[in-house]
Amino acid sequence: MEGPKDRPDYSTWNHSSLIARITDLERQLHSHTTEYTAPTETLSHQTPQPSAPISDGHEPGIPLPDSAQNPKKRPHSPPEGDITKLPAPARSVKNNTPAKVERAFDPTKYSTRYIALKFAYLGQQYNGLEHTNGNTTPLPTIEEIMWKALRRTRLIFPQTTSDLEPTERGERVPLRPYHLYWDGCEYSKAGRTDKGVSAFGQVIGLRVRSQRPNPRAPVEGEDEMQIDSESTEKEWDDVADEINYVAVLNRVLPEDIRVLAWCPNPPPGFDARFSCRERRYRYFFTNPAMSPTPGPAGFENRAQNGKGPQAEFREGWLDIEAMREAAKHFEGVHDFRNFCKLDSMKQIDNFERIIHHSSIEAVNPKTNPLGYVGKAGYQAKEDSIPEPDLTTPDTVSQSTPQVYSFNLHGSAFLWHQVRHMVAILFLVGQGLESPSIVPELLDISKNPCKPTYAMADDAPLVLEDCIFPDIASGSRKDALNWVYAGDRVSNSKNSAKGDAKFGLRGTVETIWTVWRQRKIDEILAGALLDLAVNQGNQSPEDMDSKWKTAGFSKRSNRGSKIWYGGNEADVGGNYVPVNRKPKMESVEVQNAKGLRAKHRRMARIEAAKAPQV
């Protein structure tokens with residue numbers, strides 16, 4: 001082996017000599033890699049060919065199982081030393097193993113059953129839940145990812161073939177990109193979430209493949225009674241003997257989409273949309289909502305548009321009690337046309353919705369997130385007492401940053417309704433509107449047309465749960481028999497039925513990795529923020545010298561910082577109250593325009609279907 005003294009001094013070489021040397025080393029490296037690579041390994045590392053955005057077979061957009069994600073490790077690391085001293089490469093061994101032929105899958109050999117699935121997702125990386133065929137979106141939809149996972153695991157068999165699809169003229173053309181079909185799957189969904197919105201209890205109903213054997217066909221001379229008697233000899237458990245739908249789907253879904261449970265026996269006539277009697281939303285926000293303006297300027301700017309005691313808060317801090325007063329006005333049966341976005345193509349004329357519960361609550365940092373750590377079964381040592389939290393007081397003071405959530409339970413919701421409701425609450429919390437603005441907008445006789453105000457950001461909104469109660473009992477509690485990941489199943493012969501929660505790549509372990517990555521990002525950003533704030537001059541009077549030295553007219557023109565739930569506040573001129581903003585056209589006028597546009601569209605379709613003369 002050559003030492004450092006034996007190696008040439010590359011600093012004295014010219015440009016062409018260096019290029020020639022690099023080329024020679026690359027050839028030697030290639031020969032060296034070939035020698036230490038298994039003969040069949042090169043086949044598994046070939047670059048996959050691009051495919052259509054949505055296809056019928058194995059989908060490139062869905063992660064493979066762990067066994068397929070990790071390539072084979074090479075036998076040994078190459079020896080150290082000068083690469084020119086390596087021995088000559090060995091002769092490659094010809095691989096005579098025939099290529100594996102994928103078996104054809106015949107859906108008719110399998111039975112099916114109707115189930116409900118409960119799943120969760122973090123929506124920031126997706127273009128909402130609902131997928132529209134032919135609509136190219138910048139991000140994938142949740143339905144697209146779920147459809148791919150169900151197809152890849154051979155759990156659904158849409159009647160539309162993988163090669164042809166029907167058109168509006170009744171013809172069949174090759175399947176187009178960004179098209180997917182649920183025909184024959186009896187598919188339904190409980191709620192449609194917008195782009196960026198998350199869900200912790202989204203529910204769908206559909207017909208899927210089952211493990212239950214198909215009944216044996218009678219042979220000649222055998223009656224059906226004899227077959228029935230044979231089938232009863234082997235009892236079938238609808239849960240213990242069934243496919244572990246939670247584990248099967250989670251193995252191919254992205255980490256930020258997790259199936260949480262499945263219901264083996266939805267009631268007759270179950271529809272995830274129409275059987276859902278209550279939907280629960282949470283909207284998370286911080287207080288202060290935005291970076292507080294330091295020094296006297298924080299109060300002077302807030303006082304420009306503040307009303308009464310709300311102006312006592314520094315700019316950036318929310319008046320939580322005023323928001324709670326406003327939120328209570330939402331409860332009951334109201335017409336929410338001034339708290340939604342109207343889709344005139346759907347011709348909606350009933351905007352009454354029932355709100356069972358509306359509140360604003362502080363999120364306890366000791367129990368959320370990961371409040372289970374330290375409880376029974378999670379201690380560091382047996383019967384150990386966790387270290388007391390010295391940084392979080394039992395009661396949160398006004399000077400301590402805190403996380404809150406707006407909790408909303410209702411029978412059903414209009415398009416963008418929750419984000420409009422939250423936007424008004426934020427205006428109240430910033431002292432820009434009085435809590436009375438909520439009942440004023442709910443009074444349709446006084447405000448028949450919606451003011452043009454901005455709705456809240458999408459990212460903090462979560463569809464927390466969908467409730468399917470027993471209507472006969474009169475209870476609002478969910479009555480579906482959910483089988484959650486990790487539930488103990490009686491008479492289960494498959495160990496996977498009980499380890500889909502804490503086992504390798506289990507539900508909890510996967511979500512933990514997602515949480516920890518984002519928690520570290522939060523810690524790093526918080527440490528950097530504290531460092532930037534504590535550097536330099538710490539005098540509150542000098543923190544905003546430009547504001548302090550500016551004349552009154554310039555201070556008035558600085559503009560109001562208005563926050564709508566996002567990471568930054570909008571800066572504009574003097575704030576215009578909601579009841580003074582421009583009004584949209586009435587619902588009747590908008591629906592009439594939408595109906596005319598719908599008729600023109602249908603006429604164009606009919607003209608296209610007509611035979612050409």
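Every value quoted in this text rests on a predicted model; they were computed, and no experiment measured them.

Chemist: Hey, could you go over unusual backbone geometry for me, with residue numbers and the actual values?
Modeler: Cis rather than trans, the peptide bond between N287 and P288 has omega equal to 10°. Secondary-structure assignment places P288 in the loop between strand 7 (278–287) and helix 7 (297–305). Residue P369 follows N368 across a cis peptide bond; omega there is 0°. Within the secondary structure, P369 sits in the loop between strand 9 (352–362) and strand 10 (402–410).

Chemist: Requested: an account of the side chain of S359, with residues and values cited.
Modeler: Looking at where S359 falls in the secondary structure, it is placed in strand 9. Leave out the neighbours within four places in its chain, and S359 touches S405, F406 and N407.

Chemist: Can you explain the nonpolar core? Please cite residues and give values.
Modeler: Ranked by internal contacts, the top residues of the largest apolar core, which has 99 residues, are L117, L206, F285, F339, F406 and I424. Filtering out sequence-adjacent residues up to four positions away, F339 remains in contact with F330, H416, Q417, H420, M421, I424, V438, L441, L442 and Y453.

Chemist: I'd like a description of the pattern of salt bridges, backed by residues and values.
Modeler: With the rule as written, the count across this model stands at 16 salt bridges. With its nearest N and O atoms 3.3 Å apart, the salt bridge here joins K148 to E144. Separated by 4 residues within a single helix, K148 and E144 lie in helix 4 (residues 142–152), roughly one turn from each other. The salt bridge involving E585 is made with K593; its shortest N-O contact spans 2.9 Å. Connected via shared salt-bridge partners are E130, E143, K189 and R192.

Chemist: Tell me about the environment of T153, residues and numbers included.
Modeler: Mapped onto the elements of the fold, T153 is located in the loop between helix 4 and strand 2 (164–166). Judged by relative accessible area, T153 falls into the buried class, the value being 12%. Discounting chain neighbours no more than four positions away, the residues touching T153 are R209, V248, L249 and V252.

Cut-off values and rules
- Along every chain, residues carry numbers that run from 1 in the direction the sequence is written.
- For a predicted model such as this one, the threshold for reporting local features is a pLDDT of at least 70, and the threshold for listing and counting side-chain atom pairs is 80 or more; totals across whole chains, interfaces and linings nevertheless cover every residue.
- For the side-chain quantities, the full set of heavy atoms in the structure was used; hydrogens and water were omitted.
- Runs of E in the DSSP output that reach at least two residues are strands. Runs of H or I that reach at least four are helices, and both are numbered from the N terminus.
- Only heavy atoms matter for contacts: two residues are in contact if any of them lie within 4.5 Å across the pair.
- For this analysis, a nonpolar core means a set of buried residues of the types Ala, Val, Leu, Ile, Met, Phe, Trp, Tyr and Cys, connected via side-chain atoms within 4.5 Å.
- Between buried and exposed lies partly exposed: a residue is buried under 20% and exposed over 50% of the maximum accessible area for its type, with that area taken using a 1.4 Å probe on protein chains only.
- The working definition used for a salt bridge is a side-chain nitrogen of Lys or Arg within 4 Å of a carboxyl oxygen of Asp or Glu.

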